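Structural overview
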Amino acid sequence: MSGLLSLLLSPKAGGSRSILFVRLAAGLIFFTQGILKFTDPNLGVLRFARIGFPWPLFTAHFVGAFEVLCGALVLLGLGTRLAAIPLLVIIGTAIATTKLPELARSGQGFWFMVSDARTDFAMLCSLLFLVFAGPGRWSLDARLRRGEGVPASDPASPPS
């Protein structure tokens, strides 16, 4: 367990600079979707009510707050691995409550669900990538580590 905690709390500051693009995609999508949960009832409270969540106003705002906060952290590359964990729970819940039920709906089925879930699947894979790869060289985590005198790259990592 300490290995997992160490992985989440001690970000590897190396890695390719191109990790920035994965952070931008995941962070911006979660950040903007979180804001929409507060500003657009159809994407917030009404959607959560339609799905069947109890206390849809509270739930939409609770989820939206995590999406805004963790999305911003991922964008900045600050605590990226740790911020990805709640976002993984959110995207996993979204898949379980909105995509998997499509398998049983008349006129939908597997191929409809696969098409409808493509963004969710991409977000799930992006977050898993960030948990394992870390925030990359162009991140606040890397900058903070360099400020502490820690080398910006791991000697075992290939140069980017």
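The model shown is predicted, which means the values in this text are computed figures rather than measured ones.

With respect to the side chain of Lys99
Along the chain, Lys99 turns up in helix α5 (residues 80–99). Residue Lys99 is classed as buried on the basis of its relative accessible area of 6%. Within the structure, the side chain of Lys99 is placed 3.1 Å from the side chain of Thr98, a separation counted as a polar contact. Those residues in contact with Lys99, other than ones at most four positions away along the chain, are Arg47, Ala94, Met113, Asp116, Ala117 and Asp120.

Notes on the environment of Leu124
Tracing the backbone through its elements, the reader meets Leu124 in helix α7 (residues 118–133). Look at Leu124 and you get partly exposed, because its relative accessible area is 24%. Ignoring any residue separated from it by four or fewer positions in sequence, one finds Leu124 in contact with Leu88, Ile91 and Ile95.

Examining the packing of aromatic side chains
Any aromatic ring pair is given by two values, namely how distant the centres are and how the planes are angled relative to each other. In the structure shown here, the tally under the stated rule is four aromatic pairs. Plain terms: the ring middles of Phe48 and Phe53 are 5.3 Å apart, the flat faces sit at 45 degrees to each other, and that makes the pair tilted. Taking the centre distance of 4.8 Å and the plane angle of 75 degrees together, the rings of Phe110 and Trp111 count as edge-to-face. On the basis of relative accessibility, which here comes to 47%, the residue Phe110 falls in the partly exposed class. Here a set of aromatic residues connected by ring pairs shows up, and it is made of Phe58, Phe62 and Phe66.

Overview of the nonpolar core
Grouped burial of nonpolar side chains is what soluble globular proteins tend to show. In terms of nonpolar packing, the biggest core is built from 20 residues, with Ala26, Phe30, Val74, Leu87, Ile91 and Leu127 touching the most fellow members. At seven residues, α5 tops the list of elements feeding residues into this core. Residues within four places of Leu127 in sequence aside, it is in contact with Ala26, Phe30, Ala84, Leu87, Leu88 and Ile91.

Rules of the game
- Residues numbered from 1 in each chain as written.
- Predicted model: local features only at pLDDT ≥ 70, side-chain atom pairs only at ≥ 80, totals over all residues.
- Heavy atoms only, no water.
- Helix = DSSP H or I, 4+ residues; strand = E, 2+ residues; numbered from the N terminus.
- Buried < 20%, exposed > 50% of the residue type's maximum accessible area, 1.4 Å probe, protein only.
- Polar contact = N/O pair within 3.5 Å; in protein donor to acceptor, adjacent residues only side chain to side chain.
- Contact = heavy atoms within 4.5 Å.
- Phe/Tyr/Trp six-rings, centres within 6.5 Å; stacked < 30°, edge-to-face > 60°.
- Core = buried A, V, L, I, M, F, W, Y, C linked by side-chain atoms within 4.5 Å.

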